[in-house]
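Structure at a glance
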Amino acid sequence: MAMQSISPALLRLPSVCALVGLSKSQVYRLIRAGEFPAAIQLGTNSMAWPAERGHAWIADKISASAR
């Protein structure tokens, strides 16, 4: 199955949570454990995740479950 081309986008935490189906505390717990990609700093108090990192994390979970 070929990966779709995803246009570059930055997602804020609520969108990331909706995309991956996890709560914000679960997302931060996985980041601390090194199991989820960290956000990038946009400004002093602003962070976001590149959408392709979220989609790649989902794809990894799907392929891992198929093994």
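Residue numbering note: each chain is counted from 1, following its sequence as written. For a predicted model such as this one, the threshold for reporting local features is a pLDDT of at least 70, and the threshold for listing and counting side-chain atom pairs is 80 or more; totals across whole chains, interfaces and linings nevertheless cover every residue. Values shown for side chains rest on all heavy atoms present in the structure; no hydrogens or waters enter the calculation.

Where helix α1 (residues 13-20) contacts helix α2 (residues 24-32), the two axes come as close as 9 Å, and the packing angle between them is 90°. On the basis of their axis angle, the class for α1 and α2 is roughly perpendicular. Seen from α1, the contacting residues are Leu13, Cys17 and Val20; seen from α2, they are Lys24, Val27 and Tyr28. Three classes are used, and their members are as follows: Ala, Val, Leu, Ile, Met, Phe, Trp, Tyr, Cys and Pro are nonpolar, Asp, Glu, Lys and Arg are charged, and the others, Gly among them, are polar. When its residues are assigned to classes, the contact of α1 with α2 shows five nonpolar, no polar and one charged. Simply put, an axis is a line fit to the C-alpha atoms, just over the touching stretch for a helix, and the angle between two N-to-C directions goes from 0 to 180 degrees. Under the DSSP-based scheme used, a helix requires at least four consecutive residues in state H or I and a strand at least two consecutive residues in state E, with every element numbered from the N terminus. Each angle receives one of four descriptions, namely roughly parallel if under 35 degrees, roughly antiparallel if over 145, roughly perpendicular if within 65 to 115, and oblique otherwise. Any two residues having at least one pair of non-hydrogen atoms within 4.5 Å are treated as being in contact.

Before going further, it helps to spend a moment on the side chain of Ser46. Relative to the helices and strands, Ser46 resides in strand β3 (residues 46-50). Note on Ser46: relative accessible area 18%, which makes it buried. Polar contacts involving the side chain of Ser46 include one to the side chain of Arg12, which spans 3.1 Å. Note on exposure labels: buried denotes an accessible area under 20% of the residue type's maximum, exposed denotes more than 50%, and partly exposed covers the range between, all computed with a 1.4 Å probe on protein chains only. Here a polar contact is recorded for every N or O atom pair within 3.5 Å, except that within protein the pair must consist of a potential hydrogen donor and a potential acceptor, and residues adjacent in sequence are included only if both atoms are side-chain atoms.

Another point: the pairing of β3. The buried fraction of β3 amounts to four of the five residues, a majority that puts the element mostly inside the structure. In this sheet, β3 lies alongside strand β1 (residues 10-11) in antiparallel orientation, the contact comprising two bridges. In the strand pairing of β3, Leu10 is matched with Pro50. Adjacent in sequence and paired antiparallel, strand β2 (residues 40-43) and β3 are bridged by two residues. When DSSP finds two or more bridges between a pair of strands, those strands are recorded as paired.

Below, the discussion takes up the sheet that holds β1. Across the sheet, which stays open at both edges, the three strands sit in the order β1-β3-β2 with antiparallel pairing between neighbours. Pairing within the sheet leaves two strands with one partner each, and these edge strands are β1 and β2. Helix-sheet contacts for helix α3 (residues 51-65) involve β1, β2 and β3, and the interaxial angle to β3 is about 50°.

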